[in-house]
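Architecture at a glance
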Amino acid sequence: MKIHAPLWLVSIAALLFVAGAQAAEMNKANVVRDYTDKVMPANQQAYEEGVKAYNQCMGEHGFKYKWTALSHVTGNVYVYSYVSDPVEWADFDTMHETAGVCDSVWRSKVNPYLKSETSAFMVVKPELSHMPEGLDLGTGLIDVTYFKLKSGHEAHEMFSSAIKAITEAAEKTKWPGHYMFSMVQDAGPDAPDYILVWPAKNWADFGNQIDPPLWKMVEEVYGKKKAGELRKTLDEVIVNSSSHVDHYNADLTYTPSGG
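All of the points below concern the structure found in this document.

Reading guide: rules and limits
Residues numbered from 1 in each chain as written. Predicted model: local features only at pLDDT ≥ 70, side-chain atom pairs only at ≥ 80, totals over all residues. Heavy atoms only, no water. Helix = DSSP H or I, 4+ residues; strand = E, 2+ residues; numbered from the N terminus. Buried < 20%, exposed > 50% of the residue type's maximum accessible area, 1.4 Å probe, protein only. Contact = heavy atoms within 4.5 Å. Areas by Shrake-Rupley, 256 points an atom, 1.4 Å probe, with all protein chains shown as cover. Pairing = 2+ DSSP bridges. Expected span 1.5 Å × (residues − 1). Arc of directions from axis to C-beta. Disulfide = S-S within 2.5 Å. Axes fitted to C-alpha atoms, helices over the stretch in contact; angles between N-to-C directions. Parallel < 35°, antiparallel > 145°, perpendicular 65-115°, else oblique. Left-handed = near helix turned anticlockwise from the far one by under 90°.

The helix and strand inventory of the chain stands at eight helices and eight strands. Per-residue burial over the chain gives 46% buried out of 259 residues. Contacts in the chain between residues at least 24 apart in sequence constitute 84% of all its contacts with a sequence separation of at least 6. Here the chain displays about 13,200 Å² of accessible surface, and carbon together with sulfur accounts for 52% of that area.

So, in C-alpha cells, the structure goes:
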C-alpha cells in the first residue's frame, strides 16, 4: 500500500461474484456509485457551468442524496469523478426516479461537452480497510489506486486474505496510516477489480512518510518471514495497477438542503 501506494499493492483480482455474497450485502449502506467524466480542454469551463446548472435543478427539486465532486489533479487532469455517499442498493432506485426530472438539463448543458463518461458501483470493504470512525474522505486530496488481479477465485482469495492480515496488523498496532478498499462491481471489461484510497488533508500531509513504514509495521506484528510471504502472495496475484490524485471540488459537489 502506498505510502502513498507502494508497489506491493499493485492490483486485485477478477472477482467471482456469487448470489449468496451479493445477497449478504443487499441491506447495508456500503454501496457507492461513481461517474467519471472526461472533457476536452476547450470545453472545460462550459462543462463545469453545465454541472452547476444540473446541481441547481437537483436542489430545486429536493434531491436528497449527496454527490461529492473530485477533480483529477495528476494523470489526465481533464477528468472529473462524482461519488455518492455510501447507501443501500435500494436507494439507487429512488435516486433514478427522483433525478429524472433534471435529465434534460444534463443532456442539454453537460452532454455536449463530454468526451466520455463511465459509471461503476463500488462496495466498501471494511474488513480490508483501516479507517478511523468519522474520517471524511471528501474535503482534501485523495490518492486513488486501481487494482486488477489474475482471473479466478483463487487469486481473489489469496489477495483478500493477505490484505486482511495486513489490516488486522494495522488495527492491532493502531498504525497511523489510513486507507479504504472498495470492490468494483459492474463497471465494464476494462475496469479495475478494487480501488484503494488514501485521504490527505493537503499536499504537505500527502508528502508525509508514515512512521513506521507499512511493511515494518507488518514485520513487527508477524515477523520477517510471514511479512515476506504476504508480499510474495501479493506479487503473485497482481497483474497491474495505476494511480492518480484527486482534489475535492466544492463548486461541483451537490449537497442537499440541510446536508
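Structure shown, so let's carry the discussion forward.
Time to look at the pairing of strand β1 (residues 31–39). When β1 meets strand β4 (residues 114–124), the two strands line up antiparallel, connected through nine bridges. Of the residues in β4, the one forming a bridge with Val 31 is Val 123.

Compared with an ideal rise of 1.5 Å per residue, which puts 21 residues at 30 Å, helix α5 (residues 153–173) spans 30 Å between its outermost C-alpha atoms and is within 8% of the ideal. If you check which residues of α5 are buried, you get Ala 155, His 156, Phe 159, Ser 160, Ala 162, Ile 163, Ala 165, Ile 166, Thr 167, Ala 169 and Ala 170.

Along helix α7 (residues 214–222), the residues that are buried comprise Leu 214, Trp 215, Met 217 and Val 218. Taken around the axis of α7, the buried residues stretch over an arc of 155°, which confines them to a single face. Just downstream of α7, Gly 223 is the residue with a positive phi angle, here 95°.

On to the state of the cysteines. Within this structure, the stated rule accounts for one disulfide. Through a disulfide, Cys 57 is tied to Cys 102; the S-S separation comes to 2.1 Å. Its S-S torsion of approximately -90° makes the covalent link between Cys 57 and Cys 102 left-handed. In this pair, Cys 57 sits in helix α2 (residues 44–60) while Cys 102 sits in the loop between α3 (91–99) and α4 (103–109), placing the two residues 45 residues apart along the sequence. Residue classification places Cys 57 among the buried residues on the basis of a relative accessible area of 8%.

Taken N-terminus to C-terminus, the directions of α7 and helix α8 (residues 224–237) make an angle of 130°; their axes are 7 Å apart at the nearest point. Taken together, the axes of α7 and α8 lie oblique to each other. Crossing of α7 over α8 shows right-handed handedness. Facing Trp 215, Val 218, Glu 219 and Tyr 222 of α7, the residues of α8 in contact are Lys 224, Lys 226, Ala 227, Leu 230, Arg 231 and Leu 234.

Taken by themselves, the reported measurements are silent on function.
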